[in-house]
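A look at the structure
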Amino acid sequence: MFEAYDGKSNPIAHITAYTRKMALWADRDALMCKMFPTNLGYTVVKWFHQLPENSISSWNQLASRFVFIFISNTREHITIDMLLSTRHREGKSLGDFTSRYLNVYTDIEECEEKTAVATFCLVLPKVSRLRKSLTLQPAKRMNDLQERINKYIKLEEDNKTTDESIIDKESPKGLKSIYKAIYTSFNELITKIFQEIKDKHYFRWSTRMIGDLAKRDQTRSCANINDKEHSKKECINLKWHLEHLVGQEHPKEFINRR
C-alpha cells in the first residue's frame, strides 16, 4: 500500500514511489499534479495548498519544489554517540574542539544538559589539564562548564607556562604543576628531559628552521632543532612531541603524578 508522505522521510523516495504508481499517466502533467496531494499527509498538504497561484507549470517543477522543501529531513539523525566520537585533535586549540563539540550537542534533539557536560570531560585527552580539573571538581551545568573552558582557552591563547593558579583553586588537594609541556606536568625541567631522551628510539627530531643563521640572535638556541633564535623553553614542537610520547607511556618516569 502506498503511504501518504508525512514530511519526515526522504522526499526523493516518495517522488519515486508516486511516479511508479502513476506510470500510466506519467506524460500527463496536469493529472500528475492534481493527484499528487492525495498522497500527502495533513501538514504537507497545507504546504501544497499554500503554493502561489500559477507558480507551477509542470510536474517536474512541482516535484523539484517538493524535494527542495523537504530534503532537509534526510539529514543524518544526530545521537549521543556523536558526542562520544568528537575528539580533541592533536595540534588543534581547545577553542576549536569546544566549538565542534557544542555544535554537535546543539544538533541532538534529545540530550540532557548534564549528559553533555559529563561527556565533555570523557572525550578530552587523558593528558588534558582541563580533564584533570573537571575530574577533581565536575561541572554541574553547561554555564559552569563553559566558564571553566574559557579559563583554559585564555591560558592556551596567552601561551602561559603553567596553570597552577586555576588548579590550586579548583583542586582540594592542589594539583601543582612543576614543569609543563602543553597539558602534562613533569618532575624535571623540559630541557633536562630532552637531554635524557634525545637518543632514545622513540624520540623524533624536529625539522630545522629555515633562514640565515648568521642573521639570528646567537644568544638563543634550541637543541631540539639544533638551531639559533629558538629556545628549548619556547619549542612548541618539542612540547607537543612530549605530549605525544606521554600518550605512548614515554617517558613515564618523568611524569609528575602528584
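Only a predicted model underlies this, so the values are computations on that prediction, with no experimental measurement involved.

From N to C terminus, the protein chain includes twelve helices and four strands. By residue count, 39% of the 258 residues in the protein chain fall in the buried class. For the protein chain, restricting intrachain contacts to residue pairs at least 6 apart in sequence, the fraction spanning at least 24 positions comes to 49%. About 16400 Å² of surface is accessible on the protein chain, with carbon and sulfur atoms providing 51% of the total.

Before going further, it helps to spend a moment on helix H8 (residues 129-136). Considered for burial, the residues of H8 that qualify are Arg129, Leu130, Ser133 and Leu134. Angular distribution of buried residues about the axis of H8 spans 135°; they occupy a single face of the element. The distance from a side-chain oxygen at the start of H8 to the backbone nitrogen of Leu130 is 3.2 Å, and the residue carrying that oxygen is Ser128.

All buried positions along helix H1 (residues 11-21) are accounted for by Pro11, His14, Ile15 and Tyr18. Looking down the long axis of H1, one finds its buried residues gathered within 100° of arc, a one-sided arrangement. Contacts from the buried residues of H1 go to helix H2 (29-35) and helix H4 (59-70).

Procedures and definitions
- Residues numbered from 1 in each chain as written.
- Predicted model: local features only at pLDDT ≥ 70, side-chain atom pairs only at ≥ 80, totals over all residues.
- Heavy atoms only, no water.
- Helix = DSSP H or I, 4+ residues; strand = E, 2+ residues; numbered from the N terminus.
- Buried < 20%, exposed > 50% of the residue type's maximum accessible area, 1.4 Å probe, protein only.
- Contact = heavy atoms within 4.5 Å.
- Areas by Shrake-Rupley, 256 points an atom, 1.4 Å probe, with all protein chains shown as cover.
- Arc of directions from axis to C-beta.
- Polar contact = N/O pair within 3.5 Å; in protein donor to acceptor, adjacent residues only side chain to side chain.

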